[in-house]
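Next come the chains, spelled out residue by residue.
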Amino acid sequence: MASHAQAQKWSFRITPIRVLLLLLSAVAIGAIIFRLVTGLGTVTNLSDEWPWGLWIGFDVLCGVALAGGGYGTALIVHVLHKDYFHPIARSAMLTSLLGYLLVMAGLFLDIGQWFNFWRPFVSWGHHSVLFEVFWCVSCYTTVQVLEFGEIATERVGKQFHSIFKKALPVLMIVGIIFPTLHQSSLGALYLLMVDKLYPLWWSPIIFLFFLMSSFFVGPAMICVETTLAGKAYDHWIPIPILRKLVRISGYAMILYLIIKIVDLTNRGVLGLAFSGTFEANWFLIEMIFGIIIPIVIAFTGFSNSRSGLFTFGLLVSCGVVLNRMNVVVTGMIRSTGVSYVPSLWEFVVSAGLVAMGVLAYCFIVENFKILEHDNHSHAA
Amino acid sequence: MSKGVLVDLTKCVGCGSCTVACKLYNGNAWDETTPTLGDKAKLTGKNWTVVHHKEVKDSNGQPVWRFVKQQCLHCKEPACVSACFAKAFQKTEAGPVIYYPHLCVGCRYCMVACPFNVPKYEWEKAFPLVTKCMMCSDKVEKGEAPACVSVCPADVFKFGEREELLKEAKAIIAKDAKYVKHIYGEEEVGGTDWIYISDVPFDQLGFKTNVTKRSLPSYTASFMHATPFVGITWGVILTGLYHYTKRRNQVSKENNKNIKA
Ligand code: SF4
Ligand code: SF4
């Protein structure tokens, strides 16, 4: 295997879709540079009424949630040693790593004093939830880069490979603690907005909802990713493996649904969900398409097919995206009084970041052992 | 003991001297697009205080004008301070909630967190900062009233120890039947250092009346305190599981080489 890797050249196929993605990335980079030089007012539709918009909502909150697949998989494969799921471990972690790098990029773009980004490392606002998010996300991204070191050193810097391999278990465990903390604290950011965020979303346990959804969206993302990668690289993960994962997800979603209903009932706002308002409708869409239908898919025969798994993956991922956008935008409209539509450039930058992620994924998959690594020691 | 200001809205004549004093003292430019006075008045990066003109009905149903000065309320337990992860917002001993621009990262969590939407942003600048009323903290530090308070010709404000002012406010509304029986800021978000009394219900004057009485930072405090313990416990559990399941797999492999891994 080693000699094979040595003989292999760096490769990057160019296809029409990739050209498109490259173009999109290039335009986005242009917009990013323009924004960094001229400020937020010129490029975004953010305002005093809407200090947070698409970049925080999509690039950061959704990005972190969707990249959550990495820690869930690490937990299942490397801590519980369910070797059965080994074939998906590396690609799930790669998606997660890229996701976090994009989140960091998104955050960096969104802060007004970007040259000051390091401040919270020295000026500790330790009572702030954002402080916890900031530290955990920074540390976790570092840990993930190191975890990737184990894969990278199979090909470059081989002399360090054994060090990385030894460090891996520690990295894995640290790499599960951090996400557990910051996935929940991203939700906890909104604890302060008790009088601003619509009660269907605000909750004293909103952090638990964020944590749970980041966990069950993991397998969903894996379904989407393996389907796309399967098509592109003709590398198919056996259905039973995915189905088992989807079931784990399904159980978590049932629990989520129950807790949600109990929480809404306790606060006496369950009725709001059926009040026919703008918020209520979005809430129902989120719950029905993002939670209830996927649960049905997970526990019926439909999840025994590729298309079933793919549908499950799409619905759950979109459901979680919708949930985060509802928290950042839909749920805040009423208390803000004015509405917010992101500017074209906000969309372009968000899309461009995703495009860069996809390109990086393709490049890494084609040059490192991500999809096939059967000889990877099962003892790890 | 923290200082505060008692605002008696029944006395305000809406002249706007306070808004001018604020601009002069803090060196804020005139905002070309947004007035500081009238029914379109709005807090902005340049307007740290404004006076709204409101046409409302008095207790006899007669249309009357009321004038509402708006600025940061200098909460006793400010959401903005607890939100800032770089300590750019701090509450001083004397009461004012102040902002240190050099520490600010520009994440704008403070703006989202403030229940009254007070902090504003310099959107038009390349490297914008957050801005808001700082209660002329250097004056307050010396025991002097803020600039806006000291110029008022209509005797609307009283500057002093918040707790004293609260007692005074209670006495005033108890004595005079025209006042609504509510002191805005006594309990809102756990209490604010600026408190208001009025003869027209506060919700008609644009005050946010449905806010929680609990201090906002208390919503996050327990979460933050629990975090390190959750982190450590979780780490111990994971390490335990790691070794347990690894050993279990090895044992089962040794016992039965044919078992499927
Ligand atoms: S009113 Fe808003 S900005 Fe002023 S102290 Fe309270 S939370 Fe902070
Ligand atoms: S914008 Fe500045 S002051 Fe406000 S929370 Fe962020 S770092 Fe703190």
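Refer to the structure above for everything that follows.
Cut-off values and rules
Residues numbered from 1 in each chain as written. Chains lettered and ligands numbered in written order. Predicted model: local features only at pLDDT ≥ 70, side-chain atom pairs only at ≥ 80, totals over all residues. Heavy atoms only, no water. Helix = DSSP H or I, 4+ residues; strand = E, 2+ residues; numbered from the N terminus. Rg over C-alpha atoms; globule rule 2.2 N^0.38 Å. Buried < 20%, exposed > 50% of the residue type's maximum accessible area, 1.4 Å probe, protein only. Contact = heavy atoms within 4.5 Å. Areas by Shrake-Rupley, 256 points an atom, 1.4 Å probe, with all protein chains shown as cover. Lys, Arg positive; Asp, Glu negative; His and termini not counted. Charge placed at Lys NZ, Arg CZ, Asp CG, Glu CD. Axes fitted to C-alpha atoms, helices over the stretch in contact; angles between N-to-C directions. Nonpolar A, V, L, I, M, F, W, Y, C, P; charged D, E, K, R; others polar. Pairing = 2+ DSSP bridges. Phe/Tyr/Trp six-rings, centres within 6.5 Å; stacked < 30°, edge-to-face > 60°. Lys NZ or Arg CZ within 6 Å of the ring centre and 35° of its normal. Patch = residues over 30% accessible without salt bridge, like charges linked within 9 Å, V, L, I, M, F, W, Y side chains within 5 Å. Salt bridge = Lys/Arg side-chain N within 4 Å of Asp/Glu carboxyl O. Near = heavy atom within 4 Å. Polar contact = N/O pair within 3.5 Å; in protein donor to acceptor, adjacent residues only side chain to side chain.

With that settled, the discussion passes to the overall build of chain B. Counting secondary structure elements, chain B contains 7 helices and 10 strands. Rg of the C-alpha trace for chain B: 25 Å, well past the compact-globule value of 18 Å for 261 residues, more than 25% over. On the principal axes, the C-alpha backbone points of chain B span a range of 90 × 45 × 35 Å. Evaluated residue by residue, chain B yields a buried proportion of 53% over its 261 residues. Across chain B, every contact between residues at least 6 apart in sequence was considered, and the portion connecting residues at least 24 apart equals 53%. Element-wise, carbon and sulfur atoms account for 56% of the exposed surface of chain B, whose accessible area totals about 12,100 Å². Taking the 35 positively charged and 26 negatively charged side chains of chain B as two groups, their mean positions are separated by 11 Å.

All names here are of chain A. Where helix α4 (residues 54–66) contacts helix α10 (residues 206–233), the two axes come as close as 7 Å, and the packing angle between them is 60°. Counted together, L61, A65 and L66 of α4 and F210, S214, V217 and M221 of α10 form the full contact between these two elements. Residues of the contact of α4 with α10, tallied by class, amount to 6 nonpolar, 1 polar and no charged.

All names here are of chain B. The strand order across the open sheet formed by 3 strands is β9-β1-β10, and the pairing between neighbours is mixed. The outermost strands of the open sheet, each flanked by one partner alone, are β9 (157–161) and β10 (194–197). On average, adjacent strands in this sheet sit at an angle of 20° to one another, irrespective of strand direction. For strand β1 (residues 3–8) and β10, the ladder comprises 4 bridges, and the chain directions are parallel. Of the residues in β10, the one forming a bridge with L6 is I195. The strands that helix α6 (residues 162–175) touches are β1, β9 and β10; relative to β9, the one it contacts most, it runs at about 135°.

Taken as a whole and assessed by the stated rule, the structure comprises 30 aromatic pairs over all chains. Ring centres 5.2 Å apart and planes at 75° place the aromatic pair A:F115 and B:F127 in the edge-to-face group. Here A:F115 is found in the loop between α6 (86–110) and α7 (119–122), whereas its partner B:F127 is found in the loop between β7 (120–121) and β8 (130–131) on a different chain. Its relative accessible area of 40% is what places A:F115 among the partly exposed residues. We classify B:F127 as partly exposed; its relative accessible area is 36%. A ring pair is formed by B:F202 and B:F207, whose centres lie 5.1 Å apart and whose planes are at 80°; its orientation type is edge-to-face. Its relative accessible area of 4% is what places B:F202 among the buried residues. In this structure an aromatic cluster arises from ring pairing among A:F121, A:W124, A:F131, A:F134, A:W135 and B:F85. Positioned over the ring face of A:F210 is A:R324, at 3.9 Å from the centre of the ring.

Our focus in this paragraph is a negative patch on the surface. A cluster of acidic residues, B:E93, B:D138, B:E141 and B:E144, forms a negative patch at the surface. You can call B:D138 partly exposed: its relative accessible area is 43%.

Attention shifts here to the side chain of A:Q144. Residue and element names in this part refer to chain A. Tracing the backbone shows Q144 in helix α8 (residues 129–152). Judged by its relative accessible area of 3%, Q144 falls in the buried class. Discounting residues that sit within four places of it in the chain, Q144 has contacts with M93, S96, L97 and Y100.

All right, on to the site of ligand 1 then. Taken together, 14 residues lie around ligand 1, and B:C72, B:L73, B:C75, B:C80 and B:C114 are the ones closest in. Residue composition of the shell around ligand 1, by class: 12 nonpolar, 1 polar and 1 charged.

As a further point, take the site of ligand 2. Around ligand 2, the surrounding shell consists of B:C84, B:F85, B:A88, B:F89, B:Y99, B:C104, B:V105, B:G106, B:C107, B:R108, B:C110 and B:V130. Its residues assigned to classes, the shell around ligand 2 comprises 10 nonpolar, 1 polar and 1 charged.

Listed by partner, the interface residues are 62 residues for chain A and 58 residues for chain B. Taken together, the connections running from chain A to chain B amount to 2 salt bridges. A:E49 is the partner of B:K42 in a salt bridge, and the nearest nitrogen-oxygen pair spans 3.3 Å. At the surface where chain A touches chain B, the tally comes to 26 residue pairs in polar contact (both at pLDDT 80 or more). Elements with a contribution of two residues or more to the side of chain A that touches chain B: α2 (16–38), α3 (40–43), α5 (69–79), α7, α8 and α9 (161–188) of chain A. Sort the elements by how many residues they give to the side of chain A that touches chain B and α9(A) lands first, with 9 residues. In the side of chain A that touches chain B, the residues fall into 36 nonpolar, 18 polar and 8 charged.

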